[in-house]
Amino acid sequence: MKIVIIGAGIAGCAGYLELQKHLPRPTKSDESHEITIYEAYNTNLSIAADERTEEHTHSSTLLVGGGLGVAPNGLNVLKRLDEELLKDVVRGGYVTAISNMKNKNGWPLFSMKSASSDDNSNNNNTNNRSPHMLATSRYSLWTALRGRIPDHRIVHKRISQVVARPDGRNLIHFVDNSLPVEADLVIGADGVRGTAKRALFPDAEEDPYPPNYE
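All figures in this text were calculated on a predicted structure; none of them were measured in a lab.

*Asks:* Can you walk me through the packing of aromatic side chains in this structure?
*Replies:* Working definition: an aromatic ring pair is given by the centre-to-centre distance plus the angle between the planes. Counting across every chain of the model gives two aromatic pairs. Between Y38 and F174, the ring centres sit 5.1 Å apart and the planes meet at 50°, which makes this aromatic pair tilted. Linking Y38 in strand β2 (residues 34-38) with F174 in strand β10 (residues 170-174), this pair joins segments that are 136 residues apart in sequence. As far as the burial class goes, Y38 and F174 line up, both buried. Over the ring of F174 we find K157; its NZ or CZ atom is 4.0 Å from the centre of that ring. Directly above the aromatic system of Y41 lies the positively charged group of R158, at a separation of 5.4 Å from the ring centroid.

Here it is, written out as structure tokens:
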């Protein structure tokens, strides 16, 4: 099976690692799945901040990024995927046992525990405890995922269109007008306004399901 993932962010990298571990192998022993990630920006981890140019991921989103919280269910996904990956992610953040939400003036709105009440806290076996939320940065989480993907599996090309074909392989077109690529499965990990999303609604003049922030 030929699989294309569009986007090498957190979702795209995590999707690649999940497929590598859980996708059933082909019935013929001499065959293997081909998984390629297409990313518009250069994601080479060895590029320093002062070396980045317009074709590289901008430093404000890659090197600095925003803070985020990885909930217990997300941490369990990382653990099932690779316990060493989980350790790397945890090293890049800190535990938050309680999450507090405040309004713009600093008044508390609510407070909640980040782990369930039945987290076996009295159990000496730490492996059975429910994890707390991890506060970290987008860059730190992304780096832990990206570092486990071979460089040759990520192709730095911008997608212009994805054509879903029910009677054959899907088509992926590129901005540079290079030859399109066929794929049995296309995974859109290029954001809520991504190109892959439009393949689901090719006749729509505008996004029928735009992202909402409330």
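Okay, back to it.
*Asks:* Could you clarify how one ought to interpret the sheet that holds strand β9 (residues 159-163) in this entry?
*Replies:* Paired through backbone hydrogen bonds, the strands of a sheet run either parallel or antiparallel to each other. Across the sheet, three strands lie side by side as β9-β10-β11; this open sheet has antiparallel pairing. Among the strands making up the open sheet, the edge pair consists of β9 and β11 (181-183). Taken over all neighbouring pairs, the strand axes of this sheet differ in orientation by 25° on average, direction set aside. For β10 and β11, the ladder comprises three bridges, and the chain directions are antiparallel. Within the sheet, the bridge partner assigned to I172 lies in β11 and is V181.

Calculation notes
- Residues numbered from 1 in each chain as written.
- Predicted model: local features only at pLDDT ≥ 70, side-chain atom pairs only at ≥ 80, totals over all residues.
- Heavy atoms only, no water.
- Phe/Tyr/Trp six-rings, centres within 6.5 Å; stacked < 30°, edge-to-face > 60°.
- Helix = DSSP H or I, 4+ residues; strand = E, 2+ residues; numbered from the N terminus.
- Buried < 20%, exposed > 50% of the residue type's maximum accessible area, 1.4 Å probe, protein only.
- Lys NZ or Arg CZ within 6 Å of the ring centre and 35° of its normal.
- Pairing = 2+ DSSP bridges.
- Axes fitted to C-alpha atoms, helices over the stretch in contact; angles between N-to-C directions.

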